[in-house]
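Fold and geometry: a report
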Amino acid sequence: MNGSSIIFYLLAAMTIGCGVIAVSTRQIFRAAISLLFSLVGVAGIYFWMDYQFIAAVQIVVYVGGIVVLIIFSIFLTQQSGDKLPIQKLGRKLFALLAVFCGFALTIVQVFQHTFTKTTAAPVGVTVRNIGEELIALDKNGYALPFEVVSMLLLAALIGCIVIAMRTTPEQPHEEKEIKRREEIKVIIPKEDKVLIIQEETGGTE
Amino acid sequence: MNIEPGLYHLLFVSTTLFFIGVYGFLTRRNLITMLMSIELILNSVNINFIAFNKYLWANRLDGVMFTVFVIAIAAAEAAVAIAIIINLYRSHLSIDVEKAEEMKY
């Protein structure tokens, strides 16, 4: 058991352990932080497999983007100190049973299957190769999915703005302005009258 | 089974992570924690793609490409989901799925 194996087992334990905490704790902020460390563990597994670009994308997008977004939405929607309600025991038992059956089935299938490795020469997973294949137009190219994903990101951007926009913000806003104008109109004639009265009284004296 | 980590170890990790996500999705009733479970599931799929690409088809880059696209789609999905969650919180003052039952009808 060399150092590489020890690093892999540590990363796997961190990923799975933090994942378990993320789905089982009752404090939602703690769940988000556990999810963060689980995703960092997945990025470490990518680093361990020598896929540096994917690991960097994982850290930038998941840890830097999605988890921060989740934490902000927790701040916006949860009262601090509130714990999540305890779930029904029946639901937990049913979920555990379903998960255990599915897990056992999948693991048995995976370990019974023998995978055949390709004999062709390996290609380097460099950023240059990935970028060239991403915009290539030939049989192995991914130019069309690249464009489709860019359209999807644009649609998601517009969709987020439309969904999160307040639908009826104008109604209370206009009422406030009208009230302020009325107040000004009411105040100004009173001051004029007061001034006129003072002038008149001054004139008579 | 070899002690040296290989394809089967990575498949075990990804399967475990997938079913942890499924367990969270089945038991949680808070929309944000359900979203977190979905992120765990998507990550397990990414580990599978990368492991198959490294250990079985090292002459191709398809697994890396699929992982990049899955990450992009997951980011878009999380952004839209959080917009919906915040909108739901504005109208219901709660993000519990039990309290948003009229969305069914």
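Residues numbered from 1 in each chain as written. Chains lettered and ligands numbered in written order. Predicted model: local features only at pLDDT ≥ 70, side-chain atom pairs only at ≥ 80, totals over all residues.

Here the focus is the overall build of chain B. Counting its regular elements, chain B contains three helices and zero strands. Seen in sequence order, chain B has helices and strands lined up from the N terminus as α-α-α. Here the C-alpha atoms of chain B give a radius of gyration of 18 Å, more than 25% beyond the 13 Å that 2.2 N^0.38 yields for 105 residues. Across the 105 residues that make up chain B, the buried fraction comes to 50%. Here the analysis covers contacts within chain B between residues at least 6 apart in sequence; of these, 48% occur between residues at least 24 apart. (Helix = DSSP H or I, 4+ residues; strand = E, 2+ residues; numbered from the N terminus. Rg over C-alpha atoms; globule rule 2.2 N^0.38 Å. Buried ≥ 20, exposed ≤ 12 C-beta atoms within 10 Å, placed from the backbone. Contact = placed C-beta atoms within 7 Å.)

Moving on, we get to the interface of chain B and chain A. If you look at the interface, chain B gives 58 residues, while chain A gives 68 residues. Of all the elements in the fold, those that place two or more residues in the side of chain B that touches chain A are helix H1 (7–27), helix H2 (31–55) and helix H3 (62–92) of chain B. Broken down by element, the residue count for the side of chain B that touches chain A peaks at 20 residues, all from H3(B).

The subject of this paragraph is the confidence of the model for chain B. Residue and element names in this part refer to chain B. With 95% of its residues at a pLDDT of 70 or more, chain B shows a mean pLDDT of 89. H1 holds the highest mean pLDDT among the elements of chain B, 94, whereas H3 holds the lowest, 91. Among the prediction metrics, the complex's ipTM stands at 0.91, with pTM recorded as 0.82. (pLDDT = per-residue confidence, 0-100.)

Moving on, we come to the nonpolar core. Membership of the largest hydrophobic core comes to 63 residues, with the highest contact counts inside it found for Tyr46(A) and Met36(B). Elements that contribute at least two residues to this core include exactly helix H1 (3–24), helix H2 (28–48) and helix H3 (52–77) of chain A together with H1, H2 and H3 of chain B. If one sorts the elements of this core by residue count, H3(B) sits on top with 12 residues. Every residue in contact with Met36(B), bar those within four places of it in the chain, is listed here: Ala22(A), Ala31(A), Ala32(A), Leu35(A), Ile70(A) and Gly24(B). (Core = buried A, V, L, I, M, F, W, Y, C linked by C-beta atoms within 7 Å.)

In this section: the environment of Gly102(A). Within the fold, Gly102(A) resides in helix H4 (residues 89–112). Non-local contacts of Gly102(A), meaning those with residues more than four positions away in its chain, are made with Phe19(B) and Val22(B).

Another aspect to go through is the packing of H2(A) against H3(A). Residues and elements named next belong to chain A. Contact geometry of H2 with H3 gives a least axis separation of 8 Å together with a crossing angle of 175°. It follows that H2 is roughly antiparallel to H3 by the angle criterion. Across from Ile-28, Phe-29, Ala-32, Leu-35, Leu-36, Leu-39, Val-40, Val-42, Ala-43, Tyr-46 and Phe-47 in H2, the residues of H3 making contact are Gln-52, Ile-54, Ala-55, Gln-58, Ile-59, Tyr-62, Val-63, Val-67, Ile-70, Ile-71 and Ile-74. Residue composition of the contact of H2 with H3, grouped by class: 20 nonpolar, two polar and no charged. (Axes fitted to C-alpha atoms, helices over the stretch in contact; angles between N-to-C directions. Parallel < 35°, antiparallel > 145°, perpendicular 65-115°, else oblique. Nonpolar A, V, L, I, M, F, W, Y, C, P; charged D, E, K, R; others polar.)

Attention shifts here to the environment of Val125(A). Relative to the assigned elements, Val125(A) resides in the loop between H4 and helix H5 (127–134). Overall, the presence of 20 C-beta atoms within 10 Å leaves Val125(A) in the buried class. The spatial distance from the C-alpha of Val125(A) to the C-alpha of Ile21(A) is 33 Å, given a sequence separation of 104 residues. Among all residues touching Val125(A), those that are not within four sequence positions of it are Tyr51(A), Ile130(A), Leu61(B) and Val64(B).

Another point: unusual backbone geometry. Of note in the backbone geometry, Asp50(A) takes a positive phi value of approximately 70° without being a glycine. Following the sequence through the fold, Asp50(A) ends up in the loop between H2 and H3. Residue Asp50(A) is classed as exposed on the basis of its 11 C-beta neighbours within 10 Å. With a phi angle near 55°, Leu93(B) is a residue other than glycine that sits in the positive phi range.

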